[in-house]
Structure formats: C-alpha cells, structure tokens
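Structural characterization, general
Below, each chain spelled out in residue letters.
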Amino acid sequence: MTQKTLLRALAGETLPTPPIWMMRQAGRYLPEYRATRAQAGDFLSLCYNSELAAEVTLQPIRRYGFDAAILFADILLLPQALGADLWFETGEGPRLSTITTMAGVQALKPKDAIHEKLAPIYETVRILARALPKETALIGFAGAPWTVATYMIAGRGSKDQGAAHALKAADRATFTALIDVITEATIDYLSMQVQAGAEVVKLFDSWAGSLKGQDFTDFAVKPTARIIAALKAKHPGLPVIAFPREADAGYIGFAAATGADCVAIDNSVTPEWAAEHVQVSGCVQGNLAPHHMVSGGQDLIDATRRVVNAFRHGPHIFNLGHGITPDANPDNVQLMIDTVRAG
Ligand code: CP3
C-alpha cells in the first residue's frame, strides 16, 4: 500500500490535509536556484545537466518539504529533440525555428531519434528516484500537443496563439500532421520518464483556453486522451494529471473524456465552482492565484483557506493556478504551506 499522499489523492482518496506542491517550485524566486543556474551557465544547460537539474529539483523539497517533486526540464525540449532550434532570449522567453509547411513537419526527426538528445532528462529522473525522501512523489511531465505546437508554429510564445490558429485554418493537413507527430513523440518521451522512475505524469496544456468548441475537442481533448490511453496501456495504473489551462467550461467532464486521474485548475475560476463542477468527477489540483506569493499577508492566508475549504470534501492536491513568478517572496511559500497544514 502506498503511503505517498500525492498518490493517495490521485487514487481518489479525500485526505484531512491535501498534499502540496507548486508549479515552477524550482525557479528564480529561490536564491539557491539562481546560484545553481549560474553554475550551469544558462537555463538550457541546466536542463541538460542531470546532476544540477536534479539538484534544483531537490532544492524546494529540502527547503519546504513539498509532497511532490517535479522533474526540472521544459516542455520545449521535445521540439528541440525533434529537430527544432531552441534558445532563450534573456528577459523575453523561448525562441524556436518555425514550422508552417508539410515539408517542415516531414523534416522532423522520427520519434525513435528523440531519446539521444533527451537521455540527460531520463538520467535526471533516475537520480531523483534515488535521492528523494520516501514520502515525496516524483512527477514527470510534457507539454500537451496543442501548446507545444503553438510554440513550434510561431517560434515563440504569443498572447493569442494567432499563428497556430492561422495554420489550422489555412492548412489543416499540415496542422494535424504536426499535432500527430508531437502526440506520438510525447507518448514515447513520457514512457521513458516513467521507466526511469517518474511515478506520475502531468500534461501542460497552457494555451488550451484559446481552443473553442470543436477545436477544443479535436486538439485539447483528443490528443490528451490518446497520450493517456497509450501510457496507461504500457504502464497500468500510472496516474496522470491534465492541465487544460483556462478551459473554463471545458474543465467539466475533461477527466472522463481524456482518462486523466486529476484535472489541474487555473485561478480564473473560483475553487467553489471547480469543486461543484469538476471535483464531483474526481481529483482536482489547484488553484491559488500565484500573485499571493508576491504579496503575502492576511490575503494569502484567507485565499489559501478558501481553496482548502472549497475542496475539502473530495480528493484534492493543493497547488497554485499557474507557476510561481520570479518576484515571489520565499517566505510567502512557507506561510501558504503552514496555512494549508494547519487546516
Ligand atoms: O514546474 C517546475 O518547477 C518544473 C519545471 C518546468 C519548467 N517549465 C522550468 C522553467 C516546467 C513544468 C515547465 C513547463 C513549461 N515551460 C510550460 C507549461 C507551464 C506554463 O508555465 O504554462 C511552458 C509554456 C514552458 C515554456 C517556457 N519555459 C517559457 C514560456 C519560459 C519563459 C518564461 C519564464 O518563466 O521565464 C520557460 C523558461 C523556464 N522553464 C524557466 C523555468 C524554471 C525559467 C528559466 C530561467 O531560469 O530563466
């Protein structure tokens, strides 16, 4: 029988205190992260340095005793392994070579060729599986195909994912071919993480909110369902968290439609709404607004209690609604944890 609280919540158990972890818990708000990143040179060098990537994964576990660790890597390493150029512009974010034609999709590497580049990531997972405290669960992850495709098509992040929507409208065959390539590669990438020791996997669909109606079904629900079905066939019982960020009404029924064991909820919906409409069908994760980690104080305490109370009658993993930001105060993270654990 498993004792890890994260796995118990994912199995549907309602716990007196929810397990806690935080998106981007290893990140720039921590001085020890900034020091290790400087030692590695830059962000991508850190991702591919297994020893240092494991070190930054462990830092928030040591400092705060979170109930789960998330592999330190990035959703854009998979496009890079498929052959896209990837770099980070300081202060701006990721840049990639763009793909907008069928020839571009066909020029991507076959999925069997991704593992050479991604081998250090699997090594990071192996180190973590050995090094983590026995009560801490290890989460692997990948981007969901739509979100990864938006970066591969535009070559960067964008507010409205306009380039990806334009390709979808103008050249559906190329767009769906790209989604299929990413979907199949993601299955193999996550399966390797699980073989290396990841106990849970999470799919980040950060831009799911811009898919509406049938597009949401076709490009958020279906690829996620395909990945989850393939992973569970290979790894029976593997728990999966899906994060269709800003899906709004799309959160309703998402677990049933995709086979996810848990739906992560962003902070654009209230916890009371999510408890009523999403938690009724299983475990939810979320959804404190990240800005509380900057401002702290009584507001943080009140908002944290509100999330805990709203979700206390069903399976819940406490988390933020999105990643913690670099300007957050590490003391506020401790205040949040103390508030959750005080009930
Ligand atoms: O959560 C964790 O601690 C695990 C590691 C992790 C990172 N990125 C590290 C990272 C995870 C799970 C991600 C996911 C990711 N990456 C997403 C989906 C989640 C989300 O935030 O919506 C996306 C869209 C990306 C792509 C990406 N990576 C962007 C847009 C950026 C730049 C924006 C930013 O925050 O700087 C990154 C960089 C990145 N990924 C950093 C970290 C810690 C900051 C890099 C640095 O140290 O300078």
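Residue positions are counted from 1 within each chain, in the order its sequence is given. Note on the predicted model: pLDDT of at least 70 is required for a residue's local features to be given, and 80 or more for side-chain atom pairs to be given and counted; whole-chain, interface and lining totals, by contrast, use all residues. Side-chain metrics rest on all non-hydrogen atoms present in the structure, leaving aside hydrogens and water.

Where charged atoms from two side chains of opposite charge approach closely, those side chains can pair. A carboxyl oxygen of Asp or Glu within 4 Å of a side-chain nitrogen of Lys or Arg is what we treat as a salt bridge. Overall, the coordinates contain 17 salt bridges when judged by the stated rule. Where Arg 95 meets Glu 92, a salt bridge forms, and the shortest distance between an N and an O atom there is 2.5 Å. Relative accessible area serves as the criterion here: at 12%, Arg 95 is assigned to the buried category. Given the relative accessible area of 56%, Glu 92 is considered exposed. Two residues, Asp 215 and Arg 172, come together in a salt bridge whose shortest N-O distance is 3.9 Å. The cut-offs for exposure are 20% and 50% of the maximum accessible area for each residue type, with area from a 1.4 Å probe on protein chains only; residues under the lower value are buried, those over the upper are exposed, and the others partly exposed.

Omega for the peptide link from Gly 286 to Asn 287 comes to -20°, which places this bond in the cis form. Here a strand is any run of E in DSSP of at least two residues, a helix any run of H or I of at least four, and the numbering for each starts at the N terminus. Here Asn 287 lies in strand 8 (residues 283-288). Phi at Gln 161 takes a positive value of approximately 55°, unusual for a residue other than glycine. Within the secondary structure, Gln 161 sits in the loop between helix 8 (145-154) and helix 9 (162-170). Among the residues examined, Gln 161 registers a relative accessible area of 2% and is labelled buried. Backbone geometry places Asp 248, a non-glycine residue, at a positive phi of 55°. Take Asp 248: it is sitting in the loop between strand 6 (240-244) and helix 12 (254-258).

Attention now goes to the packing of helix 8 against helix 9. For any two helices packed against each other, one specifies the inter-axial angle together with the distance between the axes. All axes are obtained by fitting lines to C-alpha atoms, using only the stretch in contact for helices, and the reported angles, taken between N-to-C directions, cover 0 to 180 degrees. Following both chains from N to C, one finds helix 8 and helix 9 inclined at 95°, their axes separated by 8 Å at the closest point. For the element pair helix 8 / helix 9, the angle class is roughly perpendicular. Seen from helix 8, the contacting residues are Trp 146, Thr 150, Ile 153 and Ala 154; seen from helix 9, they are Ala 163, Ala 164, His 165, Leu 167 and Lys 168. Looking at the contact of helix 8 with helix 9, its residues break down into 6 nonpolar, 2 polar and 1 charged. Just so you know how the angles are binned, under 35 degrees is roughly parallel, over 145 roughly antiparallel, 65 to 115 roughly perpendicular, and the rest oblique. In this description, contact between two residues means that some pair of their heavy atoms is separated by no more than 4.5 Å. Just so you know the grouping, Ala, Val, Leu, Ile, Met, Phe, Trp, Tyr, Cys and Pro go in nonpolar, Asp, Glu, Lys and Arg go in charged, and all remaining residues, Gly too, go in polar.

Attention now moves to the side chain of Gln 285. Relative to the elements of secondary structure, Gln 285 occurs in strand 8. A polar side-chain atom of Gln 285 sits 3.0 Å from a polar atom in the side chain of Trp 21. The residues touching Gln 285, leaving out its near neighbours within four places in the chain, are Trp 21, Lys 202, Ile 241, Cys 262, Val 263, Ala 264, Ile 265, Ile 317 and Asn 319. Two N or O atoms count as a polar contact when they lie within 3.5 Å, although within protein this holds only if one can serve as hydrogen donor and the other as acceptor, and sequence-adjacent residues are included solely when both atoms are side-chain atoms.

Further remarks concern the site of the ligand. Think of it this way: one heavy atom of a residue within 4 Å of a molecule or strand is enough to make that residue near it. Within the structure, the ligand sits among 22 residues, and Arg 24, Tyr 33, Arg 37, Asp 74 and Ser 206 are positioned closest to it. The separation between an oxygen atom of the ligand and a polar side-chain atom of Arg 28 is 2.7 Å. For the ligand, whose free accessible area comes to 860 Å², the fraction covered by protein is 87%. Of the residues belonging to the shell around the ligand, the class tally is 15 nonpolar, 3 polar and 4 charged. The Shrake-Rupley method, run with a 1.4 Å probe sphere, supplies the accessible areas, and residue values consider only the shown protein chains as cover.

Time to look at the pairing of strand 3 (residues 93-96). Alignment of strand 2 (residues 86-89) against strand 3, held across 4 bridges, turns out to be antiparallel. Among the inter-strand pairings, Trp 87 is bridged to a residue of strand 3, identified as Arg 95. Here, any two strands with at least 2 DSSP bridges between them count as paired. A loop of 3 residues connects strand 2 with strand 3, the two strands running antiparallel in sequence, and Gly 91 in this loop sits at a positive phi of about 75°.

Moving on, we get to the nonpolar core. Among the nonpolar cores identified, the biggest contains 128 residues, and Val 333 and Met 336 are the most heavily contacted of them. Among the elements that make up this core, the one with the highest residue count is helix 10 (residues 172-196) (11 residues). Beyond its immediate chain neighbours, meaning those up to four positions away, Val 333 contacts Met 22, Tyr 29, Tyr 64, Phe 66, Met 293 and Ile 324. Residues enter a nonpolar core if they are buried and are Ala, Val, Leu, Ile, Met, Phe, Trp, Tyr or Cys, with the set joined through side-chain atoms within 4.5 Å.

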